[in-house]
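Take a look at the letters that make up each chain.
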Amino acid sequence: MRVPRLLRYLRPYRFRVAIAIALSFGVGALTFLSFGALIPTLNTLFGAGGLEGVRQDTARALSHVSPDFGTWFTGTFFTSKPATFATLVLVVIFMTLVRGTLRYLNVTLVGTVAIAAARDMTNQLFAHLIRQPVLFVEREGVGTVASRFTADADEVVRGLKTFTGTVFREPIQFAFLLVFALSISPVLTLVSFVIFPLIAILIRQVGRVAKRNAKRVLAHRSTLLSILQEAFFGIRVVQTFSAEDRTADRFRDENARLFERNRRLVRVEAATSPAMEILATIGISGALLAGGWMVFDGDLDAGQFLAFYLAVGALYEPIRKVGSAVPRLQGGFAGAARILSLIHI
């Protein structure tokens, strides 16, 4: 299936999608600022650079908002180490609350758009099928047609929520965290990314396996619905010819095939996250060792080192989420392909 055919159903909601993307940028920016606030917080706690150094660094950072704001803020709230530490902690908490609110609005908006697009798609499908010759429905089977409105439509909703949500939101989050890590130490950031090509290969392989199995899962579900339709709509015929055992065996065999395909999808999804965590840990450990030597040599202070370590750890979270979202995305594309195949007959 060509993705643009599916994305056409998002056009009526492009303004909402744009707002969702803008909210994602807001979440990313606040993440960047939250990690930035950790450096003076940690330096205050561990005494790196002294209180005056923390004041100067904070005033310099806030001067981008207003030349006088940084001086006023640090002079008012950074009167002592305990007051400075408490102020910075409250700032981090406030930014976290705002970021959580923006993320909630983003997820809600994305979910609404996905449900609306799937509704429009199934409305178009029904209006098209109701005008088809009777022989078409008889040939396809009621169960096969009905599965487009149930299982396939559910997969489309999951896929669109993933596409308009995770696929946009997490790379934006990744970009802001990457900029923050690079601002502290480009060398350490590159060291932590040595393992990144392997993660990219893993995500690609997961996508291939998930796509293949998602199509077959939906096909098996469709066949099960056809068996149910034939059995219960023709229950008199089944019982008249004593075909109960044969029909039950047919259902059991198809259900076993569906179970096997679902089990393969579960294995893929279950293996993706741990594999990415292992690879990420290897990359972070390399950066941790190199960063430790930089602290010993005086090239990094304690606040920068700890903030970098936390940022790089968080940097792999968007990658993990994108990798875990690939099966859902492929399932959505497979469901959309099955629906569109009937719309465009």
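The residue numbers shown here count from 1 along each chain, following its written sequence. Given that this is a predicted model, residues contribute local features only at a pLDDT of at least 70 and side-chain atom pairs are listed and counted only at 80 or more, while totals for whole chains, interfaces and linings are drawn from all residues. Neither water nor hydrogens contribute to the side-chain values; these are computed over all heavy atoms in the structure.

**Student:** Go over the overall build of the chain with me, naming the residues and quoting the values.
**Tutor:** The number of helices and strands found in the chain is 13 helices and 0 strands. For the purposes of this entry, the term helix denotes a DSSP run of H or I that reaches at least four residues, the term strand denotes a run of E that reaches at least two, and both are numbered from the N terminus. Starting at the N terminus and ending at the C terminus, the chain contains elements arranged as α-α-α-α-α-α-α-α-α-α-α-α-α. Relative to its length of 345 residues, the chain is extended, with a C-alpha radius of gyration of 27 Å against a globular reference of 20 Å. Taking all 345 residues of the chain together, 43% fall into the buried category. For this analysis, residues touch if any pair of their heavy atoms sits within 4.5 Å. Pairs at least 24 apart in sequence give 87% of the contacts found in the chain among residues at least 6 apart. The atom set for the radius of gyration is the C-alpha atoms, and the globule formula is 2.2 Å times the number of residues raised to the power 0.38. Burial classes follow relative accessibility: with a 1.4 Å probe on protein chains only, a residue under 20% of its type's maximum area counts as buried, one over 50% as exposed, and anything between as partly exposed.

**Student:** Go over the pattern of salt bridges, please, and point to the residues and values.
**Tutor:** Salt bridges are defined as contacts in which a side-chain nitrogen from Lys or Arg sits within 4 Å of a carboxyl oxygen from Asp or Glu. Summed over the entire model, instances satisfying the criterion amount to 12 salt bridges. A salt bridge links Asp152 to Arg338; its shortest N-O distance comes to 2.8 Å. In this pair, Asp152 is assigned in helix H8 (residues 151-184) and Arg338 in helix H13 (residues 302-343), connecting sequence segments 186 residues apart. Taking the relative accessible area as the measure of exposure, Asp152 reaches 0% and is therefore buried. The partner of Arg158 in a salt bridge is Glu155, and the shortest N-O contact between them spans 3.4 Å. With Arg158 and Glu155 both in helix H8 and 3 residues apart, the pair spans about one turn of that helix. What makes Arg158 partly exposed here is its relative accessible area of 36%. In this structure, a network of salt bridges that share partners links the residues Arg103, Arg169 and Glu170.

**Student:** So, the nonpolar core: which residues are in play, and what are the values?
**Tutor:** Think of a nonpolar core as a cluster: buried Ala, Val, Leu, Ile, Met, Phe, Trp, Tyr and Cys residues, connected wherever their side-chain atoms sit within 4.5 Å. With 26 residues, the main nonpolar core has Leu6, Met121, Val156, Leu160 and Ile343 as its most contacted residues. Of all the elements in the fold, those that place two or more residues in this core are helix H5 (81-129), H8 and H13. Top element by residues in this core is H5. It accounts for 8 residues. In this structure, Phe35, Ala181, Ile195 and Ile319 belong to the second largest nonpolar core, which totals 25 residues.

**Student:** Hey, could you go over the confidence of the model for the chain for me, with residue numbers and the actual values?
**Tutor:** As a per-residue quantity, pLDDT reports the predictor's confidence and falls between 0 and 100. For the chain, the mean per-residue pLDDT works out to 82, and 92% of the residues sit at or above 70. Across the chain, element-level confidence peaks in H5 with a mean pLDDT of 90 and bottoms out in helix H3 (residues 50-62) with 67.

**Student:** I'd like a description of the packing of aromatic side chains, backed by residues and values.
**Tutor:** Stacked, tilted and edge-to-face are the three classes applied to pairs of Phe, Tyr and Trp rings, where Trp contributes its six-membered ring and a pair requires centres within 6.5 Å; stacked means planes under 30 degrees apart, edge-to-face means over 60, and tilted covers the rest. According to the stated counting rule, one finds 6 aromatic pairs in the structure shown. Consider the rings of Phe25 and Phe176, whose centres lie 6.5 Å apart with planes at 80 degrees: the pair is edge-to-face. Of this pair, Phe25 sits in helix H2 (residues 14-46) while Phe176 sits in helix H8, and the two are 151 residues apart along the sequence. By relative accessible area, which is 45% here, Phe25 ends up partly exposed. Where Phe126 meets Phe149, the ring centres are 6.3 Å apart and the plane angle is 75 degrees; that geometry is what we call edge-to-face. Placement of Phe126 in helix H5 and of Phe149 in helix H7 (residues 142-149) is noted, with a sequence separation of 23 residues between them. Taken together, the ring pairs in this structure connect Phe32, Phe35 and Phe180 into an aromatic cluster.

**Student:** Describe in detail the packing of H7 against helix H10 (residues 196-233), supporting the description with residues and values.
**Tutor:** Axis definition: a line fitted to C-alpha atoms, limited for helices to the stretch in contact. Angles are taken between N-to-C directions and run from 0 to 180 degrees. It is the contact of H7 with H10, at a shortest axis distance of 7 Å, that shows an interaxial angle of 130 degrees. On the basis of the axis angle, H7 is oblique to H10. Classified by chirality, the crossing of H10 by H7 is right-handed. Here Val142, Gly143, Thr144, Ala146, Ser147 and Arg148 of H7 lie close against H10, whose contacting residues are Ser222, Leu225, Ser226 and Gln229. Its residues placed into classes, the contact of H7 with H10 shows 3 nonpolar, 6 polar and 1 charged. When an angle is under 35 degrees it counts as roughly parallel; over 145 it counts as roughly antiparallel; between 65 and 115 it counts as roughly perpendicular; any other value is oblique. Less than a right angle of anticlockwise turn of the near helix away from the far helix marks a crossing as left-handed, whereas a clockwise turn marks it as right-handed. Three classes are used: nonpolar for Ala, Val, Leu, Ile, Met, Phe, Trp, Tyr, Cys and Pro, charged for Asp, Glu, Lys and Arg, and polar for all others, with Gly counted as polar.

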